[in-house]
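As a plain string of letters, each chain reads:
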Amino acid sequence: MAKTRVLVEFGMGTSLRREDYTEAALRAIKDALWHNSVNMAELFDFPKEAMIIDAEIGVQNPDQVDKDALKAIFPYGKPNITVTQGGLDIEKPHTEGRTVIANAAVVVSFDMEAVT
């Protein structure tokens with residue numbers, strides 16, 4: 001069997017007031033997932049639990065993201081979360097604080113035989 005990528009989705013999420021990197025990351029994942037009906041498991045006649053999910057999140061402060069909270073958002077499958085340097089922090093004019101922007105790439109794969 002070989003890990004075969006079948007779907008890639010992208011999303012963006014923000015934390016407008018609290019500077020919460022985990023919340024921005026959660027919203028980015030939701031943006032990637034909720035705009036699409038991910039029915040690849042049914043297409044290949046696999047159980048949904050067989051989905052291998054690799055989510056890469058980009059934020060300015062990766063160490064401030066709770067990976068377990070991100071894993072909990074996936075209703076099925078085997079999520080692997082990687083948080084890297086990325087996204088944006090936008091300083092607010094005329095006040096303290098910043099808006100946090102996270103980007104997400106969600107890749108769905110299955111273990112399947114290569115078709116030749």
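None of these values were measured; they are calculated from a predicted model.

Undergrad: Explain the overall build of the protein chain residue by residue, including any values.
TA: A tally of helices and strands in the protein chain yields three helices and five strands. Ordered by position from N to C terminus, the α and β elements of the protein chain give β-α-α-β-α-β-β-β. Viewed in the frame of its principal axes, the protein chain has a C-alpha envelope of about 60 × 25 × 20 Å. Partitioning the contacts of the protein chain with sequence separation of at least 6, the portion at a separation of at least 24 is 76%. Carbon and sulfur atoms provide 50% of the accessible area of the protein chain, an area that totals close to 7000 Å². For the protein chain, the separation between the mean place of its 12 positive charges and that of its 18 negative charges on side chains is 3 Å.

Undergrad: I'd like to hear about the environment of Gly-87, residue by residue, with values.
TA: Position of Gly-87 relative to the elements: it lies in the loop between β3 (78-85) and β4 (88-91). With 30 residues separating them in the primary sequence, Gly-87 and Ile-57 have C-alpha atoms 8.3 Å apart.

Undergrad: Talk me through the packing of aromatic side chains; I want residue IDs and the actual numbers.
TA: If you walk through the whole model with that rule in mind, you get one aromatic pair. Ring geometry for Phe-46 and Phe-110: centres 5.0 Å apart, planes at 35°, overall tilted. Note that Phe-46 is positioned in the loop between α2 (40-43) and β2 (52-59) and Phe-110 in strand β5 (residues 98-112), a separation of 64 residues in sequence.

Undergrad: Run through the environment of Ile-52, naming residues and quoting values.
TA: Here Ile-52 shows up in strand β2. For Ile-52, a relative accessible area of 13% gives the class buried. Distance in space between the C-alpha atoms of Ile-52 and Asn-80 is 7.9 Å, their sequence separation being 28 residues. Look past the residues within four positions of Ile-52 in its chain and what remains in contact with it is Lys-3, Lys-78, Asn-80, Val-107, Val-108, Ser-109, Phe-110 and Asp-111.

Undergrad: I'd love a proper account of the pairing of β4, names of residues and values included.
TA: Pairing between β4 and β5: four bridges, direction antiparallel. For Leu-88, the partnering residue across the bridge sits in β5 and is Ile-101.

Undergrad: Kindly report on the nonpolar core, identifying the contributing residues and their values.
TA: Ranked by internal contacts, the top residues of the largest apolar core, which has 29 residues, are Ile-29, Ile-57, Leu-70 and Phe-74. If you list the elements that add at least two residues to this core, you get α1 (21-34), α2, β2, β3 and β5. Among the elements that take part in this core, α1 stands out by supplying eight residues, more than any other.

Reading the values: rules and limits
- Residues numbered from 1 in each chain as written.
- Predicted model: local features only at pLDDT ≥ 70, side-chain atom pairs only at ≥ 80, totals over all residues.
- Heavy atoms only, no water.
- Helix = DSSP H or I, 4+ residues; strand = E, 2+ residues; numbered from the N terminus.
- Contact = heavy atoms within 4.5 Å.
- Areas by Shrake-Rupley, 256 points an atom, 1.4 Å probe, with all protein chains shown as cover.
- Lys, Arg positive; Asp, Glu negative; His and termini not counted.
- Charge placed at Lys NZ, Arg CZ, Asp CG, Glu CD.
- Phe/Tyr/Trp six-rings, centres within 6.5 Å; stacked < 30°, edge-to-face > 60°.
- Buried < 20%, exposed > 50% of the residue type's maximum accessible area, 1.4 Å probe, protein only.
- Pairing = 2+ DSSP bridges.
- Core = buried A, V, L, I, M, F, W, Y, C linked by side-chain atoms within 4.5 Å.

That is the geometry; function is a separate question.
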